[in-house]
Structure formats: C-alpha cells, structure tokens
Amino acid sequence: MPVQIMGVLNVTPDSFSDGGRFLDLESALRQARQLIAEGAAILDVGGESTRPGAEPVSTAEELRRVIPVLEALRSETTVRLSIDTMKPEVADAALRAGATLINDVTGLRDPEMIDTAARHHAGVVIMHMRGTPQTMRAMTEYADVVTEVKEFLARQAAAARAAGIAEIIVDPGIGFSKTAAQSFTLLRRLGEFQDLGYPILIGPSRKSFLSSIAGMEKPADRLEGTLAATAIGVLNGASIIRAHDVAACWRAAMTAAAVRSS
Ligand code: HH2
C-alpha cells in the first residue's frame, strides 16, 4: 500500500505544538501551501485542540475557524481535505465546504457522526481514545492495550460499514488515553492491527510520549523522535502518517516503505 502524509493544519489558539500560529485565514493558507509543497497528500484541518486538558470549543467557534479555510483551499487546490472534529455538525459543514474525509478522534462514538459520513459518502478515520481530551489522562488501565484498542476499532469499523461507509481508516490513537509506555507498545505491535483489514493511520508527531526520553521534553525537540516513530510505524504497516513536519516525515516514511517492500 502506498504511504501518504497527512499534513496537520491547526486553526486553533491552543494546540500543543503550533497553537496560535495559523489562526487567521492568510497564515492558515500560507501554511497549507507549504505543507502541500512539502508533499502532503491530505490536509487535516482542525479547529479544536485535543491535547490533554484542552478547553472545549463551541460549535459556532469551531465552524468560524475551519469553514473559511476549507472553502479557500477547495477553490485553490486539488489536495484531499480532511476535517479533524468530534462534532457531527462541524463535519457536515466541512464536507459541504469540500472536505472528503472525517478524522474523528472519538472514533465515531456519536452515531450522528456515522450518519453524517454515510450521507455525504465521506471517508472516515476512526481513532481510539477513552473518555475525552479533558478526562483521558486518568483512563490508561488496560489488560492489554493492543487487544482492547483493536476490539474497539473493529467494532466501530463494523458499525461504519453497516451504515454504508465505503472508506474506513483506523488509528490506535497514540498519546490518547495511553501512557508513554503504551504508546511505544502500540508502535512496536502496530503490525497486529493489519488483521483488521483497513489502512492504518498513526499520529506520533511531536507528541508527549516522546518526552519520556531525555532531551525531548519540549515539542520543538521531538523531530527526530517523530521520524523514528514514523519509520517504525510504516515498517509495521502504517500507510498514512499525520504530521506537522511533512517534508521530514515524508523522507522517513519513504525510507521505511522501501525497506518494507524490499
Ligand atoms: N492527534 C492529534 C489530533 N488529531 N487525529 C488522528 N487521527 N490521530 C492522531 O494521533 C491525532 C489526531 C493531536 O495533535 P495536534 O493536532 O497537533 O494537537 P492538538 O490536538 O493540540 O491540536
């Protein structure tokens, strides 16, 4: 399976690594053009931070942040547009504005999200997380993290299929209701998710699980860790990497893809 990079475009004041940088339309579009030039096949536009403890955003505010960006991008590029949201109303408006993929970090737990994707013939990224970004830090007790995450993804993918959704991508949710050790385990055992039969997406980019390693406490110091995680993920079967540093991740992913297919 070819490997693609999904470039992150956070139109938020508070995202953990790039909050506040792309809040106005012009800087968001400039960043989008940069990500496309670096090789992003998909742009993932988000208007609400999901970092641990982030403040929830109203539907109106999230729409105000993402819809103008999606509309402008749709008129100037053919790159695939994804909406990173937990709200069916935001997903619906985003799909009408030109997105074709819903990236839902709550893994379609809201049945309304499944209906929205089916109605628009959109693809979905089903990500595993327990609780919400506000509560997930205290929800990291698993008998076996891989087994439980796989079971959740299988169940949600089956519900999506039953609703007629044709394109399903699964994501174990690195850093979401996982300890650092559990995130490392998910990367090491990512190959086990191939049994599900769906393309696998991972989002290790700049995440705090890397901060458990000396020298990577700050998000700005996590590029090499991100690239190592990217390469391991691709070697273990990931076909989409969600990334802030698109050019670097693309090179790391292509190297791992060459090893995988050798
Ligand atoms: N990680 C983040 C957001 N969305 N979606 C998927 N499918 N997988 C991920 O791992 C994932 C995601 C968190 O990263 P970021 O968007 O940079 O931060 P924030 O949530 O603070 O905006």
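Residues numbered from 1 in each chain as written. Predicted model: local features only at pLDDT ≥ 70, side-chain atom pairs only at ≥ 80, totals over all residues. Heavy atoms only, no water.

1. Brief notes about the overall build of the protein chain
Next up, step 1: Summing up its helical and strand segments, the protein chain has eight helices and eight strands in all.
Next up, step 2: Scaling as 2.2 N^0.38, a compact globule of 262 residues should have a C-alpha radius of gyration of about 18 Å, and the protein chain matches this with 17 Å.
Next up, step 3: Burial status across the protein chain gives 56% buried among its 262 residues.
Next up, step 4: In the protein chain, the share of contacts with a sequence separation of at least 24, taken over all contacts with a separation of at least 6, comes to 67%.
Next up, step 5: Accessible surface computed for the protein chain: about 10800 Å², of which carbon and sulfur atoms make up 54%. (Helix = DSSP H or I, 4+ residues; strand = E, 2+ residues; numbered from the N terminus. Rg over C-alpha atoms; globule rule 2.2 N^0.38 Å. Buried < 20%, exposed > 50% of the residue type's maximum accessible area, 1.4 Å probe, protein only. Contact = heavy atoms within 4.5 Å. Areas by Shrake-Rupley, 256 points an atom, 1.4 Å probe, with all protein chains shown as cover.)

2. Description of the environment of I83
Next up, step 1: Along the chain, the position of I83 falls in strand 3 (residues 80-84).
Next up, step 2: Overall, I83 belongs to the buried group, its relative accessible area being 0%.
Next up, step 3: Separated by 20 residues in the primary sequence, I83 and N103 have C-alpha atoms spaced 5.7 Å apart.
Next up, step 4: In this structure, I83 is in contact with D44, V45, V66, L70, V90, A91, A94, A99, L101, I102 and N103, ignoring residues within four places of it in sequence.

3. Overview of the packing of aromatic side chains
Next up, step 1: By the definition in use, this model includes one aromatic pair.
Next up, step 2: Its end group placed over the ring of Y142, R130 keeps NZ or CZ at 3.8 Å from the ring centre. (Phe/Tyr/Trp six-rings, centres within 6.5 Å; stacked < 30°, edge-to-face > 60°. Lys NZ or Arg CZ within 6 Å of the ring centre and 35° of its normal.)

4. Looking at a negative patch on the surface
Next up, step 1: A surface patch of negative charge is lined by E89, D110, E112 and D115.
Next up, step 2: Among the structural elements, E89 can be located in helix 3 (residues 88-96). (Patch = residues over 30% accessible without salt bridge, like charges linked within 9 Å, V, L, I, M, F, W, Y side chains within 5 Å. Salt bridge = Lys/Arg side-chain N within 4 Å of Asp/Glu carboxyl O. Lys, Arg positive; Asp, Glu negative; His and termini not counted. Charge placed at Lys NZ, Arg CZ, Asp CG, Glu CD.)

5. With respect to the site of the ligand
Next up, step 1: Around the ligand there are 19 residues in total, and S15, T50, D171, K207 and H244 lie nearest to it.
Next up, step 2: N10 is positioned such that a nitrogen or oxygen atom in its side chain is 3.3 Å from an oxygen atom of the ligand.
Next up, step 3: Coverage of the ligand by the protein chains reaches 98% of its 480 Å² of free accessible surface.
Next up, step 4: Secondary-structure elements contributing two or more residues to the shell around the ligand are strand 1 (4-10) and strand 5 (123-127).
Next up, step 5: Looking at the shell around the ligand, its residues break down into seven nonpolar, seven polar and five charged. (Near = heavy atom within 4 Å. Polar contact = N/O pair within 3.5 Å; in protein donor to acceptor, adjacent residues only side chain to side chain. Nonpolar A, V, L, I, M, F, W, Y, C, P; charged D, E, K, R; others polar.)

6. A word on the pattern of salt bridges
Next up, step 1: Within the structure shown, the criterion is met by 17 salt bridges.
Next up, step 2: Residue E61 is joined to R65 by a salt bridge in which the shortest nitrogen-to-oxygen separation is 2.9 Å. Here the residue E61 and the residue R65 both occupy positions in helix 2 (residues 59-76), the gap between them amounting to four residues, near one helical turn.
Next up, step 3: Assessed through its relative accessible area of 23%, E61 is described here as partly exposed.
Next up, step 4: Residue classification places R65 among the buried positions, given a relative accessible area of 11%.
Next up, step 5: The partner of D245 in a salt bridge is R206, with the nearest N and O atoms 2.9 Å apart.

7. Points about the packing of helix 2 against helix 3
Next up, step 1: Where helix 2 contacts helix 3, the two axes come as close as 10 Å, and the packing angle between them is 20 degrees. Classified by the angle between their axes, helix 2 and helix 3 sit roughly parallel to one another. Classified by chirality, the crossing of helix 3 by helix 2 is right-handed. Between helix 2, through T59, E62, L63, V66, I67 and L70, and helix 3, the contact on the second element is made entirely by E89, V90, A93 and A94.
Next up, step 2: A breakdown of the residues in the contact of helix 2 with helix 3 according to their chemical character gives seven nonpolar, one polar and two charged. (Axes fitted to C-alpha atoms, helices over the stretch in contact; angles between N-to-C directions. Parallel < 35°, antiparallel > 145°, perpendicular 65-115°, else oblique. Left-handed = near helix turned anticlockwise from the far one by under 90°.)

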